Amino acid sequence: LITYSAWKDHKTTTTMSSSLLPLQGLRVLDFSRVLAGPWCTMLLGDAGASVVKVERPLVGDDTRKWGPPFVGDTDNSNRKLSTYFLSINRNKKSVAIDIKRKAGLEICRKLSTEWADVVVENFKRGTMEKLGLGYDELAKQNPGIVYCSISGFGPDGPLAQQPGYDVICSGMYGLMSITGDEDGPPAKVGVASTDILTGTLAQSGILSALYARERTGVGQKVDVSLMESQLAGLVNIASSSLNSTDSPPPKRWGTAHESIVPYQAFQCKQNGPEIQYIMVGAGNDVQFHNLSSVLGIPDLSQDQRYLTNEMRVKHRKSLLPLLEKVFLTKTRDEWSKLLEGKGFPLGPLRNVQEAFQCEQAQHRQMVQEIEHPTVGKIRLPRTPISFSSLGGTTVFGEEIASNDNPESMKKGAIPPPMLGEHTAEILEEILKIDPHSIQGLEKDGVIQCWYNR
């Protein structure tokens, strides 16, 4: 069934070593910016793909300026990066190309048709088509290409031309209506979860299309939108709403659970300036009996009002104050030690610093340091995906190389790039453009090269 040889040659003739990252040799051209797209392409880069990030000269990805905080020389825009940009752009190389200029457009077309396996973009609907960089046009010259478009509302329909923003879509499509305190206003999630979910699903769609290409030799277009991702991401809340049409719309529960009681955060005795909480759940009747016994109120589990979870949900307003009163008698750490291993789920509610400093996160080496050649040492969460072929974890700094594909060699993580840091390298090594011509393109403003000054 294999029909396309341009990608087949470098795919099927390579014998993958067990020490290589899974996507070693995959080539990704990334036109996306802000969060959903860059998150998707960083995940691909973390798994070994070679990612080239296309940015606007002098401007770059919007998130480069989303700060403070910044790292590096904060008084020199050429030597600083926002921590937001750092978080989603490791394992990429940056090329700054003006795609509105004919010469710049031709460079991007060549990268798309002669080099890339995957193209990712999140421009407004129709932008790439007008530039001649849409899927249909590129697929004529590169039939094996997998082309992922990330949008706000999908490729068609009344809102297809509208730009998409995480907080707007989370408000429009249900998430904010179920987030926040029961008696308070709607709230946004603390991170852009709609963007993150969309980017993760985009990666899944790309990998699915690549797997299909292994059988057919032909790529395809993958469409992912914030709206569709958000609606699908409502999961059980969506199912409840769609199948219980006579019931009122799902409501906000704070840290509590709509269908399980108790299953929420309880305030503990204060120990210092910060109010502390512990998360406790009892998903079945045995767990509730164990919880009641450890809290010193064993009769609670024998009370007719609380015998079953269904009854506890019905009588939550009388049950929860009884539990809240007990939890206020000890600190969070005291309760954690006392309740651990007693047969029900629990955990201290931590702030972000505490979360990364906890014993399990440190054991799993979730914080990794990368030496950035311009801004110095930076610390980032490592990729959360581990591969047994790499010893069960993915640690930045390991040397991972492919003798069959030296172009995609990695020595640990590639630090998040400066704007245009790799423009000259990519044009010279991949497109074989001579240095003199590169200087001319830079002089004409078609490209931007970065210099460590």
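By convention here, each chain's residues receive numbers from 1 onward along its written sequence. The predicted origin of the model limits local features to residues at a pLDDT of at least 70 and limits the giving and counting of side-chain atom pairs to 80 or more, whereas totals for whole chains, interfaces and linings rest on all residues. Side-chain metrics in this entry use all non-hydrogen atoms of the structure; hydrogen atoms and water are not considered.

Take the packing of aromatic side chains next. Centre distance within 6.5 Å is the pairing criterion for rings of Phe, Tyr and Trp, where only the six-membered ring of Trp is used; planes under 30 degrees apart are then read as stacked, over 60 as edge-to-face, and the remainder as tilted. In this structure the tally under the stated criterion is five aromatic pairs. Summarising the aromatic geometry, the rings of Trp66 and Tyr84 are spaced 5.0 Å apart at their centres and angled 85 degrees between planes, so their arrangement reads as edge-to-face. With Trp66 in the loop between β2 (50-55) and β3 (70-72) and Tyr84 in helix α3 (residues 83-87), the pair connects residues that are 18 residues apart, well separated along the chain. Their ring planes at 15 degrees and their centres at 4.6 Å tell us that Phe266 and Phe327 sit as a pair that is stacked. Residue Phe266 is found in strand β9 (residues 263-267), and its partner Phe327 is found in helix α13 (residues 316-327); the two are separated by 61 residues along the sequence. Exposure class is identical for Phe266 and Phe327. Each is buried. Through successive ring pairs, a cluster of aromatic residues spans Phe266, Phe327 and Trp335. Note that Arg33 overlies the ring of Phe123, its terminal NZ or CZ placed 4.4 Å from the centroid. Two conditions define a charge sitting above a ring: the NZ of Lys or the CZ of Arg must be within 6 Å of the ring centre, and it must be within 35 degrees of the ring normal. Sitting over the face of the ring of Phe70, Lys80 holds its NZ or CZ atom 4.3 Å from the ring centroid. What counts as a helix is a DSSP run of H or I of at least four residues, what counts as a strand is a run of E of at least two, and both are numbered from the N terminus. Throughout this description, buried means an accessible area under 20% of the type-specific maximum (1.4 Å probe, protein chains only), exposed means over 50%, and partly exposed covers the range between.

Now for unusual backbone geometry. Cis geometry is found at the peptide bond from Pro68 to Pro69, where omega equals 5 degrees. Tracing the chain through its elements places Pro69 in the loop between β2 and β3. Of note, the bond from Val261 into Pro262 is cis; its omega dihedral lies within 30 degrees of zero at -5 degrees. Relative to the helices and strands, Pro262 is located in the loop between α10 (235-243) and β9. Phi at Val235 is positive, roughly 45 degrees, even though this residue is not glycine. Within the secondary structure, Val235 sits in helix α10. We classify Val235 as exposed; its relative accessible area is 55%. Its identity as a non-glycine residue notwithstanding, Gln365 has a phi of 55 degrees, on the positive side.

All right, on to the sheet that holds strand β6 (residues 118-121) then. A strand pair is defined by DSSP finding two or more bridges across the two strands. One open sheet accounts for seven strands, arranged β8-β7-β6-β1-β2-β5-β16; its pairing is mixed. Of all strands in the sheet, those bounded by a partner on one side alone are β8 (221-225) and β16 (447-448). Any two residues whose heavy atoms approach within 4.5 Å are treated as being in contact. Structural elements are reduced to axes, namely lines fitted to C-alpha atoms, with helices fitted over the stretch in contact, and the angle between N-to-C directions of any two is expressed from 0 to 180 degrees. Seen against the sheet, helix α2 (residues 36-46) touches β1 (27-30), β2, β6 and β7 (146-151) and runs at an angle of roughly 165 degrees to β1. Across the sheet, helix α4 (residues 102-115) lies against β1, β2, β5 (93-97), β6 and β16, angled at about 150 degrees from β1, the strand it touches most.

The share of residues in the protein chain with pLDDT of 70 or more is 91%, and the mean pLDDT across the chain is 90. Each residue carries a pLDDT value, the predictor's own confidence for that position, ranging from 0 to 100. Every residue in residues 1-18 scores below 50 in pLDDT, and together they form 34 contacts with partners more than four places removed in sequence or on other chains. Between residues 395-411, whose pLDDT stays under 50, and residues either more than four places distant or in other chains, the model counts 46 contacts.

With that out of the way, let us pick up a nonpolar patch on the surface. A patch is a set of surface residues, each over 30% in relative accessible area and not in a salt bridge, joined within 9 Å for like charges and within 5 Å for the nonpolar side chains Val, Leu, Ile, Met, Phe, Trp and Tyr. Where accessible areas are quoted, they stem from the Shrake-Rupley method and a 1.4 Å probe; at the residue level, only the protein chains shown are allowed to cover. Any Lys or Arg side-chain nitrogen located within 4 Å of an Asp or Glu carboxyl oxygen qualifies as a salt bridge. A cluster of nonpolar side chains, Leu159, Tyr165, Val167, Ile168 and Met172, forms an exposed patch at the surface whose accessible area comes to about 450 Å². Locating Ile168 in the fold gives a position in helix α7 (residues 166-172). On the basis of relative accessible area, Ile168 is assigned to the partly exposed category, the value being 44%.

Along the polypeptide, Ser336 turns up in helix α14 (residues 332-339). Remark: the alpha-carbon pair of Ser336 and Gly347, spanning eleven residues in sequence, is separated by 6.8 Å. In this structure, Ser336 is in contact with Ile278, Leu346 and Pro348, ignoring residues within four places of it in sequence.

Right, let's get into the sheet that holds strand β10 (residues 277-281). With antiparallel pairing, the three strands of this open sheet are ordered in space as β9-β10-β11. A single partner strand is all that each edge strand has here, and the edge strands are β9 and β11 (346-349). Shown here is a sheet whose adjacent strand axes are inclined to one another by a mean of 25 degrees, direction ignored. With four bridges connecting them, β10 and β11 associate as antiparallel partners. Note on β11: the bridge partner recorded for Tyr277 is Leu349. Each of β9 and β10 is contacted by α13, which is oriented at about 45 degrees to β9, the strand it contacts most.

Let's shift gears to the environment of Glu371. Along the chain, the position of Glu371 falls in strand β12 (residues 367-372). The class for Glu371 is exposed, based on a relative accessible area of 52%. Spatially, the C-alpha atoms of Glu371 and Pro415 are 7.3 Å apart, while their sequence positions differ by 44 residues.

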